[in-house]
Amino acid sequence: QLQAFGGGLAQAGGSLRLSCTVSRKITSITVMRWYRQAPGKERDVVAIRSSDGGTNYPHSVKGRFTISADNAKNTLYLQMNMLKPEDTAVYYCNAYLWDLGSWENYWGQGTLVTVSS
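Just so it is clear, the structure is predicted and the values come from calculations on it, not from any experiment. (Residues numbered from 1 in each chain as written. Predicted model: local features only at pLDDT ≥ 70, side-chain atom pairs only at ≥ 80, totals over all residues. Heavy atoms only, no water.)

Engineer: Just give me the short version of the overall build of the protein, but keep the residues and values in it.
Structural biologist: A count of helical and extended segments in the protein gives zero helices and eleven strands. In the protein, the succession of α and β elements from N to C terminus is β-β-β-β-β-β-β-β-β-β-β. Taking the principal axes of the C-alpha coordinates as reference, the protein spans close to 45 × 30 × 25 Å. For the protein, buried positions account for 38% of its 117 residues. A sequence separation of at least 24 residues applies to 52% of the contacts in the protein between residues at least 6 apart. As displayed, the protein has an accessible area near 6300 Å², and 49% of this comes from carbon and sulfur atoms. If the 12 positive side-chain charges of the protein are averaged to one point and the 8 negative ones to another, these points end up 5 Å apart. (Helix = DSSP H or I, 4+ residues; strand = E, 2+ residues; numbered from the N terminus. Buried < 20%, exposed > 50% of the residue type's maximum accessible area, 1.4 Å probe, protein only. Contact = heavy atoms within 4.5 Å. Areas by Shrake-Rupley, 256 points an atom, 1.4 Å probe, with all protein chains shown as cover. Lys, Arg positive; Asp, Glu negative; His and termini not counted. Charge placed at Lys NZ, Arg CZ, Asp CG, Glu CD.)

Engineer: How would you sum up unusual backbone geometry? Please name residues and give values.
Structural biologist: We note that methionine 82 has phi near 50 degrees; this positive angle belongs to a residue other than glycine. One non-glycine residue, leucine 100, adopts positive backbone phi at about 60 degrees. Along the polypeptide, leucine 100 turns up in the loop between strand 9 (89-99) and strand 10 (102-107).

What is shown is where atoms sit, not what they do.
And the structure:
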């Protein structure tokens, strides 16, 4: 089970940090991702973190967003800096792991981020 929180209203140029608590050892999860979905658009990945700590970002957020994890707290974070109005979306955390005999995707419930200009 994943629970995302930390969304809210920010001004352009501001910062927010999203958190995603995980109900299992985060070190057991192969890949964790943050996605976002703006109104009328598809859900897109904005940050990827593999179990070895490697990270990857699309061009749209590279240099502004940082994905990290606190293994002791089993919590995933997304630090978002230099926010832009186009970052407005519902943000979801995602866990991809081998579970119950197959590769599975688990999703948090989403947290809304609104960036005003």
